[in-house]
Amino acid sequence: MKEINLKKYKKHFKGYTELRLQENKQVNISFVNGSNKNNIQDSSAGVSARVNQNGAWGFASTPGTSRNDVKNIINEAQKNASFLARRKKTKKELNKKYNGRGDWDYSTAKPRLSQKELVQFMQKLDNHIEQKYTKLKSRSLFLNTLDMEKRLLTSESQVSYSLFPRSFIYVKLSTEKNGEKFEITDSFGGLGHFEDNFSEPADLYSEINELYNHLMKKREGVYAEAGSCECILDSELAGILAHEAFGHTVEADLVKSGSVAETYMNKKVAAPAVSMIDYANKAFGETCPVPVHVDDEGIQARDTVIIEDGILKSYMHNRETAREFDAEPTGHGRAFSFSDEPLIRMRNTAILPGEHTLSEMISSIEDGYYLIRPSNGQADSTSEFMFGIILGYKIKNGKLGRAIRDTTISGVAVDVLQSVSMISDDITWISSGMCGKKQSIPVGLGGPAVKCRVNLGGR
Amino acid sequence: MQNSNDLKSYLELLSKAGADKAQCTLNKRRLFEINVESDEISLLRTTYNQELNLNVIRNQARGNININQITDSAVKKAARQAVRIAESSQPDEAHDISPGPLNKKFEKGPDREDRNKMYELLAEFLHQVQQKYPLINLEQVNFRFYNNNRQLSNTNNVYLSEQKSFYTFSTMFMAKKGDQTSSFNHTRFSSLNLQEGLLKKGSIAQLLAQSEKQIKTKSIPEKFTGDIIITPDCLSDFINMYINISLRDNPLIEGTSMFADQLEQKAADSKFTLYSRPVDPDTAGGYFITGDGFLSENAVIFKNGVLKRFLLSQYGANKTGREMSNNRGGAYVVEPGEMTRNKIIKTVDRGLLVARFSGGSPNQNGDFSGIAKNSFYIEKGQIKYPVAETMISGNLKNIFNNIGAISNKRINFGDDILPWILTTGITISGGN
């Protein structure tokens, strides 16, 4: 990212102002059935300013980074804020000051691989899959790396800097039986540059073998039976339950708009065994998949305890909602691109581990399902949620049975969380997806396995 | 402002760096947006951006680079890097650029936004919603003006330019009474002008009124197989799912499309005719140029249930040996039927009016399941009550092959024009 001294523009600020310089760099490489379909480098950089006047926000951004560009964009954001402020009937100043600061760089210390070496890595992985798994109808491999680099100055704070890289390899395998098609996907990687997440293609072979075995079982799979049932949601699904189903309803902007959580504060929203935290940057002694230290409003990021022993303890705030709810902001104002304004976003949301083992949990179910991998998820203001399921098994008399075909689960998060009767003693994070809320942004979802009741789509 | 000469100089840089073939695309975008959050106008946002894509083929291998810092030195560096990326790629005979010579320019939409009018219309909308729909909370409204300029040039002597501007309006809302909340719903429209009130556009008024009735919902009595009437807002999702898993590059290249051998064959009910009209003069948005540098055209995708074309890019066509399409979907128009919406409801013995689908991505066989959101239970031809936690499961092929009726009235979203569709044989289950 181009080096710019943001401090020299502070004299142009009028009222509360954020000035952010940001560059997102991406690499995308894909192989479809052995063909190198895409090999792309992408860079998007620029400057944005956001200004608050009497509670009205003005925002402007430009890819230009010259002295004049930066001055003009501050000026345009001020004009935008004035346009609204002049027409606003009620005035709401952001009167409380916050002073987040610091530098965080998660770059690799290892020598960087060339684009050619990245392509060769993917090709070797593709060759291995082609040669070993002859029953496949098709295979797709996709590498995405993202470096998000930000420099932020607010009218209240010093300059903060962050470089957050992530890298993922996505694998999709398909097969056929009697003319019907079956597919399975998985992703590998996480926080860090490619070199920190991957060393040799062979390191992924056992996980790909496991994926292939699941696909072969899915090929012989049955339709799930539609209706309410007892399930074990494995860690990926528990993570998405925490984020999608409950987390969104307690984002303070959605609470303000009328989400069902408006009347739940300090009330029972889950079984006593359930606690849920949105971690800022460290959890269980390790760095989270999406570490946030200072958010894009200049707030020092701290953990937010959302549910403690089944009781709702806190919403997630930005500067504005914190003022309105008389709460302290804990660093949820985040933007994806230089041209995006910060919104209230989760960071690393997890249900905390319990005390059971997964095998104990499976043994405890007479007739139900063990659901392992989601495809996508959506939530509602009512806390009703839906997750697509692409990998799961039947449980009969405490034992895993046949694989099931793709299905969907749904429920009301508060009811499902109240129905939680067992929680496993481990935790796994997933972070390969993006959360969509006007803008897409990386998030971390963590969970143990949880036993609960949900509705299953099927036949 | 870069012009055709700039693109020409970029192509020269790429050729000098070693490209056998090269294509450059320059996008310049200006966005003006007024935002509503929780019933209040909260943010005014203007963004400027530019993206230069350098697409290189060398020894039949392709490399792509996108940059938005477009200075002479940055472009020179990017041109060298684009060739290096191509050199790092595996060769594929299917890579190519669009053929020339061709030189065309297109323009659509107003030059600039009328921001005072946008503000006035939005303020009027907020006031009207407050007056007419007192239970509605507007979670978010984005009222935008896009001004996009796109130029594409390549070493086959192609130069295409598209100047396009239009307004879009999208809103997400819910109804609330005491501590009870409806599901959120959302809708949108796009427009080339600002002639009438926002509440009159698309399906906004209908959906706001429906949400006020959806605060108290009820579970369906039991699991059953029945009919569903898919509303225009929801139909857009089903059409996109159907097309994405069967007619585009990836499913056809991977060999997973369920329609791989069904061109010119029946793939939907004979009542179903679907057009894609990206170059209609009345379509807001749309596209005159495809992403890979061909002139776009309007197309019929299904004619009386017969599949008329795949939506393949040049690469997809070369890879599969099929015909390329100058239409890549979007701006969907479904031919209307003959029955009124109310008459269609009267034909349903047992089923749902499905206004929003929240579901998992359908698999390659077209199987889908998900929640029928903002939906109503229908029994013996009458809408009975809004439903809670109701799951629908079925197959997309069946949805489009078992069409019982299509409404005579359609909703014009400014790009899509869609009716209500009745389809049968859907598994409907509740949480009980």
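For clarity, every value in this text was computed on a predicted model and none was experimentally measured.

*Asks:* Go over the nonpolar core with me, naming the residues and quoting the values.
*Replies:* Side chains of a nonpolar character, in soluble globular proteins, are inclined to be buried together. Grouped together as the largest cluster of nonpolar side chains are 61 residues, with contacts concentrated most on Phe238, Phe302, Leu352 and Ile392 of chain B. Looking at which element gives the most residues to this core, the answer is helix H5 (residues 232-244) of chain B, with seven residues. Dropping the residues within four chain positions of it, Leu352 of chain B is found in contact with Ile220, Asp227, Ile228, Ile229, Ala372, Phe376, Tyr377, Ile378, Val387, Thr390, Ile392 and Ile428 of chain B. Listed in part, the 56 residues of the second largest apolar core include Val250, Ile404, Val414 and Leu445 of chain A.

*Asks:* Which residues make up the domain arrangement of chain A, and what values do they have?
*Replies:* Residues and elements named next belong to chain A. Here the domain parsing of chain A yields domain 1 (6-219) and domain 2 (227-456). On a C-alpha basis, the centres of domain 1 and domain 2 stand 22 Å from each other. Taken together, the contacts link 51 residues of domain 1 with 41 residues of domain 2. Between domain 1 and domain 2, roughly 3700 Å² of surface is buried when both sides are summed, and carbon and sulfur atoms account for 52% of that area. Our count for the domain 1 to domain 2 interface comes out at seven salt bridges. Between Asp186 and Arg373 there is a salt bridge; the shortest N-O distance is 3.4 Å. Put simply, domain 1 and domain 2 have 28 residue pairs in polar contact (both at pLDDT 80 or more) between them.

*Asks:* Provide a residue-level description of empty space enclosed by the protein, including the pertinent values.
*Replies:* Scanning the model with the defined rule gives six cavities of 30 Å³ or more in all. As for the largest cavity, its lining consists of 21 residues, and the residues nearest its centre are Lys150, Ser162, Pro291, Val292 and Val294 of chain A. Going through the elements one at a time, strand E4 (102-105), strand E5 (138-154) and strand E6 (160-177) of chain A are the ones with two or more residues in the lining of the largest cavity. For the lining of the largest cavity, the element with the highest residue contribution is E6 of chain A, accounting for five residues. Partitioning the lining of the largest cavity into residue classes produces 12 nonpolar, four polar and five charged. The computed volume of the second largest cavity comes to approximately 250 Å³. Elements with a contribution of two residues or more to the lining of the second largest cavity: helix H6 (252-256) and strand E15 (343-344) of chain A together with strand E1 (21-37) and strand E2 (40-58) of chain B. With three residues, the top contributor of residues to the lining of the second largest cavity is E2 of chain B. Looking at side-chain class alone, the lining of the second largest cavity contains five nonpolar, five polar and 10 charged residues.

*Asks:* Account for the interface of chain A and chain B, naming residues and giving values.
*Replies:* At the interface, 90 residues of chain A touch 79 residues of chain B. Buried surface at the junction of chain A and chain B, summed over both partners, amounts to about 6500 Å²; 44% is from carbon and sulfur atoms. At the junction of chain A with chain B, the criterion picks out eight salt bridges. Among the salt bridges present, the one from Asp380 of chain A reaches Lys373 of chain B, with a minimum N-O distance of 2.8 Å. Across the chain A-chain B interface, the total number found is 57 residue pairs in polar contact (both at pLDDT 80 or more). Considering every element that reaches the side of chain A that touches chain B, the biggest residue donor is strand E2 (residues 35-53) of chain A, with 12 residues. Here the side of chain A that touches chain B is composed, by residue class, of 25 nonpolar, 41 polar and 24 charged. Looking at chain direction, strand E3 (residues 56-62) of chain A and E2 of chain B are connected through five bridges and run parallel. Residue pairing across strands places Phe59 of chain A opposite Arg45 of chain B, the latter belonging to E2 of chain B.

*Asks:* Help me get a handle on the packing of helix H2 (residues 115-132) of chain A against helix H2 (residues 72-88) of chain B, residues and values and all.
*Replies:* It is the contact of H2 of chain A with H2 of chain B, at a shortest axis distance of 8 Å, that shows an interaxial angle of 25°. Relative to H2 of chain B, H2 of chain A is oriented roughly parallel. When you trace H2 of chain A past H2 of chain B, the crossing you get is right-handed. Together, Gln115, Lys116 and Val119 of chain A of H2 of chain A and Ile85, Glu87 and Ser88 of chain B of H2 of chain B make up the contact between the two elements.

*Asks:* Could you give an account of the packing of aromatic side chains, with specific residues and numbers?
*Replies:* Two aromatic rings are characterised by how far apart their centres lie and by the angle between their planes. Under the criterion given, the structure shown has 29 aromatic pairs over all chains. Ring geometry for Tyr279 of chain A against Trp429 of chain A: centres 6.2 Å apart, planes inclined by 75°, an arrangement best described as edge-to-face. In this pair, Tyr279 of chain A is assigned in strand E9 (residues 276-279) and Trp429 of chain A in strand E22 (residues 428-430), connecting sequence segments 150 residues apart. When its relative accessible area of 7% is taken as the criterion, Tyr279 of chain A is described as buried. Look at Trp429 of chain A and you get partly exposed, because its relative accessible area is 24%. On the numbers, 6.2 Å between centres and 75° between planes, the contact of Phe224 of chain B with Tyr377 of chain B is edge-to-face. Highlighted residues: Phe224 of chain B in strand E9 (residues 224-230) and Tyr377 of chain B in strand E17 (residues 376-379), separated in sequence by 153 residues. The class for Phe224 of chain B is buried, based on a relative accessible area of 7%. Joined through ring pairs, the aromatic side chains of Phe125, Phe143, Phe145, Tyr167, Phe169 and Phe189 of chain B make up one cluster. The ring of Phe413 of chain B has Arg188 of chain B sitting right over it, with the charged end atom 4.8 Å from the ring centre. A cation sits over an aromatic face here: Arg356 of chain B above Phe184 of chain B, 4.1 Å from the ring centre.

What counts, and where the lines are drawn
Going along each chain's sequence as written, the residues are numbered from 1 onward. Just so you know, chain letters begin at A and ligand numbers begin at 1, following the order they were written in. Selection of residues for local features in this predicted model requires a pLDDT of at least 70, selection of side-chain atom pairs for listing and counting requires 80 or more, and totals for whole chains, interfaces and linings are taken over all residues. Only hydrogens and water are set aside; all other atoms, that is, all heavy atoms of the structure, feed into the side-chain values. Each nonpolar core is a collection of buried residues, namely Ala, Val, Leu, Ile, Met, Phe, Trp, Tyr and Cys, held together in the definition by side-chain atoms within 4.5 Å. Between buried and exposed lies partly exposed: a residue is buried under 20% and exposed over 50% of the maximum accessible area for its type, with that area taken using a 1.4 Å probe on protein chains only. Every helix listed is a DSSP run of H or I at least four residues long, and every strand listed is a run of E at least two residues long, numbered separately from the N terminus. Here, two residues are considered to be in contact whenever any of their heavy atoms come within 4.5 Å of each other. By convention here, the domain bounds are inherited from an automatic or database domain assignment. A simple way to read buried area is as the amount of 1.4 Å-probe accessible surface that goes missing from two parts once joined, with both sides added. Only one rule defines a salt bridge in this text: a Lys or Arg side-chain nitrogen within 4 Å of an Asp or Glu carboxyl oxygen. Counting of polar contacts relies on pairs of N or O atoms within 3.5 Å, with two restrictions inside protein: one atom must be capable of donating a hydrogen and the other of accepting it, and residues adjacent in sequence are counted only when both atoms are side-chain atoms. Only protein atoms enter the 1 Å grid used here. Points where a 1.4 Å probe fits but cannot escape make up a cavity, open sets with protein on both sides within 12 Å along at least five of seven lines make up a pocket, and a residue lines them when an atom lies within 4 Å of a point. Grid points are joined across faces, edges and corners, and a volume is the space filled by probe spheres set on the points. Residues are grouped as follows: Ala, Val, Leu, Ile, Met, Phe, Trp, Tyr, Cys and Pro are nonpolar; Asp, Glu, Lys and Arg are charged; every other residue, Gly included, is polar. At least two bridges found by DSSP between two strands are what make those strands a pair. What counts as an axis is a line fitted to C-alpha atoms, over the stretch in contact for a helix, and the angles between N-to-C directions run from 0 to 180 degrees. Every angle not falling under 35 degrees, over 145, or within 65 to 115 is termed oblique; those three ranges are roughly parallel, roughly antiparallel and roughly perpendicular. The sense of a crossing depends on the near helix, which, turned anticlockwise from the far helix by less than a right angle, makes the crossing left-handed and, turned clockwise, makes it right-handed. Stacked, edge-to-face and tilted labels apply to pairs of Phe, Tyr and Trp rings (six-membered ring for Trp) whose centres lie within 6.5 Å, assigned for plane angles under 30 degrees, over 60, and everything in between, in that order. To sit over a ring, a charge needs its Lys NZ or Arg CZ within 6 Å of the ring centre and within 35 degrees of the ring normal.

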